[in-house]
Amino acid sequence: MPVLVMKFGGTSVATLDRIKRAAKRVGVEVAKGYDVIVIVSAMSGKTNELVGWVNETSPLFDAREYDAVVSSGENVTAGLMSLTLQEMDVPARSWQGWQVPLKTTSAHASARIEEIPTDNINAKFAEGMRVAVVAGFQGISPEGRITTLGRGGSDTTAVAFAAAFDAERCDIYTDVDGVYTTDPRISSKARKLDKIAFEEMLELASLGAKVLQTRSVELAMRYKVKLRVLSSFEEQSDDAGTLVCDEEEIMESNVVAGVAYSRDEAKMTLLSVADRPGIAAAIFGPLSEAGVNVDMIVQNISEDGRTDMTFSCPTDQVKRAEKAMEDAQASGEINYQQLVADTDVAKVSVVGIGMRSHAGVAAKMFDALSSEGINIKVITTSEIKISVLIDRKYMELAVQALHDAFELEKAA
Ligand code: ADP
Ligand code: ASP
Ligand code: MG
């Protein structure tokens, strides 16, 4: 039988009623003749609560124990979803990551999927089970420890299963009815897109549009998974939601496809660093070893052999970054006067494959921000995106101004 993957995010399984509603939708696909793999997230808010408990107990926590704690939310919803389906007389059972087993690297809290053997689940399908309910977000390391795939990781579980089982489609059910030109919670002018190219979705996701986890888009692109985002709250037709697809499948695209933002950025500045060949390696080596994901980097002009080095990283990694720099200072690897952390910043980005062939996007972006009196602190660009770091208090204003400037309310 053809296989379908259906993923339900936190809000879609937030209560027993919503689990029932999701289960009914699964029942519809089973009735159509699909064997279904359901990937569930934890109930909404649960993972945040678990992360909070870990941080309160141990600020520089052992990531193996972090994973042991934060993976537990999905176990609850997997069992409840399976029970709900059984109550509807749909043959179902739950699977935790290690039972599949979904094998990952040992990079705790941000593990990557290495392999998903299909034999266990296929054997059950062959025996008449119609739905495998799999706890998203979690797997098992070569050392036999529970791992998690990073926040939002159930999306990646879903796409990886779709690839492994050669599913007809991977449907991501969430609390919005598709991918929009920007977060519809920030701008009422945001428009739903019928289709979006993998490359654009990849950039939007990595720049903060959390509707899909970045890694899930990468996997879908690599394994040619038919990926769809749709709402679990509305009745759905077969062409509902947004299809994430190859660029060639989109007839006409806008220069800018969307605007993304990220609140969780911090701007770190090392003041008066002794400048010498190899200084960047001496700074960013220890940061990387400490697990700090550095995004933007700016080195100022050097004066009298000393310079300022600015970089951005996620706010929840500021403590790790500070410790890594203090340690490097103590061991003599680097020499700086002060490390200043500015956690009141946000990153706002415009993304579009049309930028490859259109000039002037950056100028228009900077102009729109300056018209609102918004100061740009750091800029980075790539072939299909431009990102700026600004004061967080202007974030929503910036998103709206850019949405207007690129006339995204006319997008479809
Ligand atoms: P789930 O719990 O289902 O995984 P998430 O909260 O992770 O849902 O992702 C859905 C949310 O992503 C939406 O509620 C919306 O606020 C946010 N979002 C950000 N950018 C976009 C965008 N461009 N299009 C749609 N949703 C977006
Ligand atoms: N529950 C996890 C999180 O909130 C994974 C997910 O929902 O995708 O990050
Ligand atoms: Mg999500």
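Nothing here was measured: the structure is a model prediction, and the numbers come from that model. (Residues numbered from 1 in each chain as written. Chains lettered and ligands numbered in written order. Predicted model: local features only at pLDDT ≥ 70, side-chain atom pairs only at ≥ 80, totals over all residues. Heavy atoms only, no water.)

A few words on the sheet that holds strand E12 (residues 242-245). Read from one edge of the open sheet, eight strands run E3-E6-E2-E1-E9-E11-E12-E10, paired in mixed fashion. At either margin of the open sheet sits one strand with a lone partner, and together these are strand E3 (92-95) and strand E10 (195-197). Going from strand to strand, the sheet's axes swing by 20 degrees on average, the running direction of each strand aside. The sheet contact formed by strand E1 (residues 3-8) and strand E2 (residues 35-40) spans six bridges and is parallel. Residue pairing in the sheet places Leu4 in a bridge with Val36 of E2. Here helix H1 (residues 16-31) sits on the sheet in contact with E1, E2, strand E6 (131-135) and strand E9 (169-174), set at roughly 170 degrees to E1. (Pairing = 2+ DSSP bridges. Helix = DSSP H or I, 4+ residues; strand = E, 2+ residues; numbered from the N terminus. Axes fitted to C-alpha atoms, helices over the stretch in contact; angles between N-to-C directions. Contact = heavy atoms within 4.5 Å.)

Glancing now at the site of ligand 1. The immediate surroundings of ligand 1 are formed by 16 residues, with Thr174, Asp175, Tyr180, Asp183 and Arg185 found nearest. Contact between ligand 1 and Asp183: an oxygen atom at 2.8 Å from a side-chain N or O atom of the residue. A distance of 2.7 Å separates an oxygen atom of ligand 1 from a polar atom in the side chain of Arg185. Isolated, ligand 1 exposes 580 Å² of accessible area, and the fraction of that covered by the protein chains is 89%. (Near = heavy atom within 4 Å. Polar contact = N/O pair within 3.5 Å; in protein donor to acceptor, adjacent residues only side chain to side chain. Areas by Shrake-Rupley, 256 points an atom, 1.4 Å probe, with all protein chains shown as cover.)

This paragraph deals with the site of ligand 2. Taken together, Ser41, Ala42, Thr47, Glu74, Phe137, Arg151, Gly152, Gly153 and Ser154 make up the full set of residues near ligand 2. Contact distances for ligand 2 include 3.4 Å between an oxygen atom and a backbone N or O atom of Gly153. Of the residues assigned to the shell around ligand 2, the class counts are two nonpolar, five polar and two charged. (Nonpolar A, V, L, I, M, F, W, Y, C, P; charged D, E, K, R; others polar.)

With that settled, the discussion passes to the environment of Asp183. Its location among the elements puts Asp183 in the loop between E9 and E10. Overall, the relative accessible area of 25% leaves Asp183 in the partly exposed class. Residues in contact with Asp183, not counting those within four places in the same chain, are Ala190 and Tyr261. Of note is the side chain of Asp183, whose polar atom sits 2.9 Å from the backbone nitrogen of Arg185. (Buried < 20%, exposed > 50% of the residue type's maximum accessible area, 1.4 Å probe, protein only.)

Along helix H11 (residues 361-371), the residues classified as buried are Val361, Met365, Ala368 and Leu369. Summarising the axial view, the buried residues of H11 lie within an arc of 95 degrees, below the 170-degree limit, and thus occupy one face. In H11, the exposed residues that point more than 90 degrees away from the buried face are Ala363, Asp367 and Ser371. Residues of H11 that are buried make contact with strand E16 (338-351), strand E18 (385-391) and helix H12 (395-405). At the exit of H11 stands Gly373, carrying a positive phi of roughly 75 degrees. (Arc of directions from axis to C-beta.)

Moving on to the packing of H11 against H12. In contact at an axis separation of 9 Å, H11 and H12 are set at 130 degrees when each is read in the N-to-C sense. By the angle class used here, H11 and H12 are oblique. The two elements H11 and H12 meet at a crossing, and its hand is right-handed. Residues Lys364, Met365, Ala368 and Leu369 of H11 form the contact with H12, whose own contacting residues are Ala398, Ala401, Leu402 and Ala405. Along the lines of polarity and charge, the residues of the contact of H11 with H12 split into seven nonpolar, no polar and one charged. (Parallel < 35°, antiparallel > 145°, perpendicular 65-115°, else oblique. Left-handed = near helix turned anticlockwise from the far one by under 90°.)

Keep in mind these numbers describe shape, not what the thing actually does.
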